[in-house]
Amino acid sequence: MGEPDESDGSRLVRGGIGGYRAVVAGALGLRLLFPRDIAAFTSSSSGFPSPFSSSSSSSSSIRRSSFPLSSVFMVVRILDLEMAVAGFGGVLKSPFRFHRPLVLCARRRSSAAAAPAPAPSPSPVAVVETLANPDRLVGGGPASGPPSSSSPKPNGRSSEGLQGPEWKMLSSKELGIRSSMIPKPTRTVLNELRKKGYDVYLVGGCVRDLVMKKTPKDFDIITSADLREVKKNFSHCDIVGKRFPICHVHVNDCIVEVSSFNTHGRKQNNDLTYFSRSDCDEHDYVRWRNCLGRDFTINGLMFNPYSKLVYDYLGGMEDIKNSKVRTVIPANMSFSEDCARILRAIRIAARLGFRFSKETAYSVKDLASSVLRLDKGRILMEMNYMLAYGSAENSLRLLWKFGLLELLLPIQAAYFVSQGFRRRDKRSNMLLAMFANLDKLLAPNRPCHSSLWVGILAFHQALVRQPRDPLVVAIFTLALHNGGNLSEAVDIAEKIGHSHDDSYSELLEPQKWDAEGHLVSDVIDLASSVASALSSMTDEHFVSQAMARYPQAPYSDLVFIPLHLYLRVCRLFECVTYGHRERDFVTKKGYKINYFTLAHGGLAEVRHVFARVVFDTVFPPNLENEGRANPD
């Protein structure tokens, strides 16, 4: 919501005392209704204009028949304050930005949708290609410019229909949700709070995943009990978080997160002031108010496992049906309030295979650089969610498509550019292929330790710097798997019978090796190159120079890999670097992955999965099958 131009200020002044009152109202961030305004509203069937649109827009009006005064309550959000002085000759404005107020109106079982924020002004995007057309990023429709006044507005409502989504109660049985889908630790917490007389619900992404027949990463509970009351009811329970406190309830080896309606209410009251309320049901009102604080509509579902009802106040079910990620409030406002939502949007879209609504796509692109304000620990956490839970390839593609990769992983973004990758490129490359193979082994409930994907990034960068013979890569992975026994790795690698993937520039044409010693020397050199690449990924100066040759690229020297993780990845490769088998190392037996050990960074398990990922990328099994099906 940008500043009004000079013509806006002139019109306010020319409006006499009415203009003066409008300026004062704008300075306070409020939409004031004076007696004359109310009379005009009640006597005219055209209603009053939306506070998001200009006074000349007739397509964004709220009709009297849809919103009678008796059933309307207003939610007013006070935004940035601008000191404005109205005079007879002009309006003097301070340097503070002016924001039009956000006013949400709602009826019983409906909520008013906001009119559109002005389209974000184009900004230079990374590297050679410019993101000039976010429509193309949404995944549907012909190329065009910013949305017109008749385009979908925030929350997908057009200017002709400002009424919000219908409130829905859905049978969990009809949706295919069964109690057996809820883990036992979560059921234990739900039952205990329920027995004490508190209302309990599952909320957020877990409900979305249950509806979609997917395995939730975790289960979040919200209750009518205060957090202190929750803590009293469980012997092992901690209240964590200052800004958004929740309870961590320890049940056996699991942690169940519990939040409180009361905490969410206090948090929201800092942002939204409810001047009055309609005659909607008290429980509906509490649930709806909580859902308004969610990030995306598809995360705004609530499930009562006892009444077996799923509540949808935001149109989340419709967006699931349409495979769409949409913010609850206008996207530019949502991402400005919490820029971590940009990364969550990427993660959710990547994992579910969803696309962004048009407004969300514009805002992700326009506010991408704001993620650099996040704490490095938070960035690492979000990147781990993207790369360690089975949707790494899609995440990298979306990060690249929306201009985030050059901010978060500049070294890898430079590789994409060197490969001639366009923003919407459907092709693959070696980096994407390795993460695609990693995704085949992982799932939201079967993640890997962060040292694995950091190791893959470092290993690939070593190959980018100096391409290697496929046999050298094979020996490296086999030696890594067996704890550094290079001679054994050479014997096994020389028996490989199928071809490597020759489409990758990171791999050289196979050559004949005269002596095993030369092979071993090259393998050790590769291990040293991996260590050097890893060191570069933690060097701010080196990271800042990765995209220096591309003048349109934004500057980023972001290093979010902490020392303890760096040392852990170094430990992953050092057995090959030293060129001898590690003492007391026990080679993993069998092909089955121990996911508990993998998630906790067990050295043998991480090495095993790393070796599988790299080997299957360099020597894809499907190439062997194709060779058998199509003999020369």
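Quick caveat: nothing in here was measured; it's all calculated off a predicted structure. (Residues numbered from 1 in each chain as written. Predicted model: local features only at pLDDT ≥ 70, side-chain atom pairs only at ≥ 80, totals over all residues. Heavy atoms only, no water.)

Colleague: Is there a simple way to think about the overall build of the chain in this case?
Modeller: A tally of regular secondary structure across the chain gives 27 helices and 15 strands. Buried residues in the chain amount to 53% of all 632 residues. Sequence separation of 24 or more characterises 72% of the internal contacts of the chain that already satisfy a separation of 6 or more. Only carbon and sulfur atoms are counted for the fraction: they give 52% of the accessible area of the chain, which is about 29200 Å². (Helix = DSSP H or I, 4+ residues; strand = E, 2+ residues; numbered from the N terminus. Buried < 20%, exposed > 50% of the residue type's maximum accessible area, 1.4 Å probe, protein only. Contact = heavy atoms within 4.5 Å. Areas by Shrake-Rupley, 256 points an atom, 1.4 Å probe, with all protein chains shown as cover.)

Colleague: How should I be thinking about the pattern of salt bridges in this particular structure?
Modeller: Counted according to the given criterion, the structure contains 18 salt bridges. Glu406 is paired through a salt bridge with Arg423; the nearest N and O atoms lie 2.9 Å apart. With Glu406 in helix α16 (residues 405-408) and Arg423 in the loop between α17 (410-418) and α18 (430-439), the pair connects residues that are 17 residues apart, well separated along the chain. For Glu406, a relative accessible area of 1% translates into the label buried. (Salt bridge = Lys/Arg side-chain N within 4 Å of Asp/Glu carboxyl O.)

Colleague: Would you mind going over helix α22 (residues 516-537) with me for this structure?
Modeller: Working note: α-helix, 3.6 residues per turn, so residues spaced by three or four point in the same direction. Helix length check: α22, at 22 residues, gives a terminal C-alpha distance of 32 Å against a target of 32 Å (1.5 Å per residue), a fit within 8%. On its buried face, α22 is in contact with α17, α19 (450-465), α20 (470-481), α21 (486-493), α23 (540-545) and α24 (563-578). (Expected span 1.5 Å × (residues − 1).)

Colleague: Can you walk me through the sheet that holds strand β9 (residues 246-251) in this structure?
Modeller: Pairing between the strands of a sheet comes from backbone hydrogen bonds, and it takes one of two forms, parallel or antiparallel. Read from one edge to the other, the open sheet built from eight strands follows the order β5-β13-β12-β6-β7-β10-β9-β8, with strand pairing classed as mixed. Only two strands of the sheet have a single neighbouring strand rather than two, namely β5 (168-171) and β8 (237-240). Here the strands of the sheet are splayed against their neighbours by 30 degrees on average, with no regard to which way each runs. For β9 and strand β10 (residues 254-260), the ladder comprises five bridges, and the chain directions are antiparallel. Paired with His248 across the strands is Glu257, a residue of β10. This element, helix α5 (residues 184-195), spans β6 (200-203), β7 (220-223), β9 and β10 of the sheet and lies at about 40 degrees to β10. Running over the sheet, helix α9 (residues 282-291) touches β6, β7, β12 (301-304) and β13 (309-312) and is turned about 140 degrees from β12. (Pairing = 2+ DSSP bridges. Axes fitted to C-alpha atoms, helices over the stretch in contact; angles between N-to-C directions.)

Colleague: Got a minute to help me understand the side chain of Asn429 in this structure?
Modeller: In this structure, Asn429 sits in the loop between α17 and α18. You can call Asn429 buried: its relative accessible area is 2%. Of the polar contacts made by the side chain of Asn429, one reaches the backbone nitrogen of Leu431; its length is 3.2 Å. With residues up to four places along the chain from it excluded, the contact list for Asn429 reads Tyr415, Phe416, Gln419, Phe421 and Tyr504. (Polar contact = N/O pair within 3.5 Å; in protein donor to acceptor, adjacent residues only side chain to side chain.)

Colleague: What should I look at first to understand the pairing of β9 in this one?
Modeller: Regular strands show a simple pattern: their side chains alternate between the two faces of the sheet. Where β8 and β9 come together, four bridges link them in antiparallel fashion. Each bridged residue has a counterpart across the sheet, and for Val240 the counterpart in β9 is Ile246. Count of turn residues in the β8/β9 antiparallel hairpin: five residues, of which Gly241 carries a positive phi of about 90 degrees. What sits between the antiparallel neighbours β9 and β10 is a turn of two residues, in which Asn252 has the positive phi angle 55 degrees.

Colleague: How should I be thinking about the nonpolar core in this particular structure?
Modeller: Soluble globular proteins tend to bury their nonpolar side chains together. Counting 145 residues, the largest nonpolar core has Met383, Leu404, Trp453, Phe459 and Phe476 as its most contacted members. Those residues within four positions of Met383 in sequence are excluded, and the remaining contacts are Leu399, Leu408, Leu409, Trp453 and Phe560. Core analysis: the second largest hydrophobic core is formed by 17 residues, Trp288, Leu292, Met302 and Tyr313 among them. (Core = buried A, V, L, I, M, F, W, Y, C linked by side-chain atoms within 4.5 Å.)

Colleague: Hey, could you run me through a negative patch on the surface in this one?
Modeller: On the surface, a cluster of negative charge is contributed by Glu488, Asp491, Glu494 and Glu516. For Glu488, the position within the fold is in helix α21. Exposure remark for Glu488: the relative accessible area of 35% places this residue in the partly exposed category. (Patch = residues over 30% accessible without salt bridge, like charges linked within 9 Å, V, L, I, M, F, W, Y side chains within 5 Å. Lys, Arg positive; Asp, Glu negative; His and termini not counted. Charge placed at Lys NZ, Arg CZ, Asp CG, Glu CD.)

Colleague: Help me understand the environment of Leu438 in this model?
Modeller: Looking at the element boundaries, Leu438 is found in helix α18. The exposure class of Leu438 is buried, given its relative accessible area of 0%. Along the primary structure Leu438 and Gly390 are separated by 48 residues, whereas in three dimensions their C-alpha atoms are 7.2 Å apart. Once residues within four sequence positions are removed from consideration, Leu438 is found in contact with Leu387, Leu452, Ile456, Val609 and Val613.

Colleague: Would you explain the packing of aromatic side chains in this entry?
Modeller: Summed over the entire model, instances satisfying the criterion amount to 16 aromatic pairs. Ring centres of Trp400 and Phe416 lie 5.3 Å apart, and the angle between their planes is 45 degrees; on these two criteria the pair is classed as tilted. Residue Trp400 is located in helix α15 (residues 392-401), and its partner Phe416 is located in helix α17; the two are separated by 16 residues in the primary sequence. Ring plane angle 35 degrees and centroid distance 5.0 Å describe the contact between Phe615 and Phe619, whose orientation is recorded as tilted. We classify Phe619 as buried; its relative accessible area is 7%. Grouped by ring-pair contacts, the aromatic residues Trp167, Tyr201, Phe261, Tyr285, Trp288, Tyr311 and Tyr313 constitute a single cluster. (Phe/Tyr/Trp six-rings, centres within 6.5 Å; stacked < 30°, edge-to-face > 60°.)

Colleague: Sorry, what's going on with the confidence of the model for the chain here?
Modeller: When pLDDT drops low, the exact placement of atoms in the prediction is not to be read closely. Here the chain shows a mean pLDDT of 77. Residues at 70 or above account for 70%. Every residue in residues 269-277 is under pLDDT 50, and counting partners more than four places away or in other chains gives 26 contacts. Per-residue pLDDT stays below 50 along residues 627-632; that stretch engages in zero contacts with residues further than four places along the chain or on separate chains. (pLDDT = per-residue confidence, 0-100.)

Colleague: Please clarify how the environment of Leu432 should be interpreted in this entry.
Modeller: Note that Leu432 resides in helix α18. Of the residues examined, Leu432 reaches a relative accessible area of 0% and is grouped as buried. Each C-alpha atom of the pair Leu432 and Asn394 lies 8.7 Å from the other, and the pair is 38 residues apart in sequence. With near-sequence residues (within four places) excluded, Leu432 lies in contact with Glu393, Leu396, Arg397, Phe416, Phe421 and Arg427.

Colleague: I keep staring at the side chain of Gln461 and nothing clicks. Help me out?
Modeller: With respect to the helices, strands and loops of the structure, Gln461 is situated in helix α19. Overall, the relative accessible area of 9% leaves Gln461 in the buried class. When neighbours within four sequence positions are excluded, Gln461 is seen to be in contact with Ile411 and Ala533.

Colleague: It is not clear to me how the state of the cysteines should be interpreted in this structure. Could you clarify?
Modeller: Cysteine pairs can be linked by a disulfide, which is a covalent bond between their two sulfur atoms. Inspection of every chain in the model, using the stated rule, returns zero disulfides. Counting only cysteine sulfurs, Cys247 is the nearest neighbor of Cys237, a cysteine outside any disulfide, at a range of 3.8 Å. (Disulfide = S-S within 2.5 Å.)

Colleague: For this particular structure, what's the right way to read the packing of helix α12 (residues 340-352) against helix α14 (residues 376-387)?
Modeller: Their axes nearest at 9 Å, the elements α12 and α14 cross at an angle of 10 degrees. Compared by their axis directions, α12 and α14 come out roughly parallel. Together, Ala340, Leu343, Arg344, Ile346 and Arg347 of α12 and Arg378, Glu382, Tyr385 and Met386 of α14 make up the contact between the two elements. Grouping the constituent residues of the contact of α12 with α14 by class yields five nonpolar, no polar and four charged. (Parallel < 35°, antiparallel > 145°, perpendicular 65-115°, else oblique. Nonpolar A, V, L, I, M, F, W, Y, C, P; charged D, E, K, R; others polar.)

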